[in-house]
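Remarks on the overall topology
The chain contents come next:
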Amino acid sequence: NIPDFPKQGINFKDITPLLKNPVALKVAVQQLTSQFKNRNITAVAGIEARGFIFGSLIAWELGVSFIPLRKLGKLPAEIKQIDYALEYGFSTLEVHADALTITDKVLLVDDLLATGGTAQASCELIESLDATIVACAFIIELDDLNGKKLLENHEIYSLLHY
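Read across the open sheet, the seven strands follow the order β5-β6-β4-β3-β7-β8-β9; overall the sheet is mixed. The sheet terminates laterally at β5 (79–86) and β9 (156–161), the two strands that pair on one side only. Taking the axes of each pair of neighbouring strands and ignoring which way they run, one obtains an average angle of 20 degrees across the sheet. Helix α2 (residues 22–34) rests against β8 (132–141) and β9 of the sheet, and its axis sits at about 150 degrees to β9.

As a further point, take the pattern of salt bridges. Two side chains of opposite charge can pair, provided their charged atoms sit close to one another. As enumerated under the stated definition, the model contains four salt bridges in all. For Arg39, the salt bridge goes to Glu155, with nearest N and O atoms at 2.7 Å. Separated by 116 residues along the polypeptide, Arg39 in the loop between α2 and β3 (43–47) and Glu155 in the loop between β8 and β9 bring together distant segments of the chain. For Arg39, a relative accessible area of 31% translates into the label partly exposed. As a salt-bridge pair, Lys148 and Glu141 come within 3.7 Å of each other at their nearest N and O atoms. Since its relative accessible area comes to 4%, Glu141 is described here as buried.

Right, let's talk about helix α4 (residues 117–127) for a bit. The buried fraction of α4 is high, at eight of eleven residues. Three or more residues of α4 are buried, namely Gly117, Thr118, Ala119, Ala121, Ser122, Cys123, Leu125 and Ile126.

Looking at the secondary structure, you find Asn146 in the loop between β8 and β9. With relative accessibility at 40%, the residue Asn146 sits in the partly exposed group.

Residue placement: Thr92 occurs in strand β6 (residues 89–96). Overall, the relative accessible area of 10% leaves Thr92 in the buried class. Polar contacts involving the side chain of Thr92 include one to the side chain of Asp83, which spans 2.5 Å.

What follows deals with the state of the cysteines. Applying the stated criterion across every chain, the model contains zero disulfides. With no disulfide of its own, Cys136 has Cys123 as its nearest cysteine by sulfur position, at a separation of 3.6 Å.

Each value, and the rule that gives it
Residues numbered from 1 in each chain as written. Predicted model: local features only at pLDDT ≥ 70, side-chain atom pairs only at ≥ 80, totals over all residues. Heavy atoms only, no water. Pairing = 2+ DSSP bridges. Helix = DSSP H or I, 4+ residues; strand = E, 2+ residues; numbered from the N terminus. Axes fitted to C-alpha atoms, helices over the stretch in contact; angles between N-to-C directions. Contact = heavy atoms within 4.5 Å. Salt bridge = Lys/Arg side-chain N within 4 Å of Asp/Glu carboxyl O. Buried < 20%, exposed > 50% of the residue type's maximum accessible area, 1.4 Å probe, protein only. Polar contact = N/O pair within 3.5 Å; in protein donor to acceptor, adjacent residues only side chain to side chain. Disulfide = S-S within 2.5 Å.

This is how it looks when you write it as structure tokens:
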């Protein structure tokens, strides 16, 4: 826990100790991947930035494409975007307009589910490309913030509940 980061009153959950430990990282990725091996997933979408770490590893393990959901202004091609509220401000996510199609079955991945705003916006962005969300997967879920309420129409899998 890192108190008052990135703003006063936020208790940031730092995953870098997990990333630093190769055994723990491998176990976390294997645990997440094992839940979705037989689900006909065609793509894994990762939320910038820590979702890129886990999402790309899971995509590699599943043998499917990785789709980065980026912050504003980071993608070079035609994009779709969504604005949304964070626990501590506002943000925008973007995806290449041709990243997914109606035939895609997507696993959304991020490190943390807190209030659910970023994950909800990510689901809306993916669905705006006519793709289907199979599930949303997280390393950590902060149960007291009830982020899954915003995702009640989607399956959620979290390794750790805090």
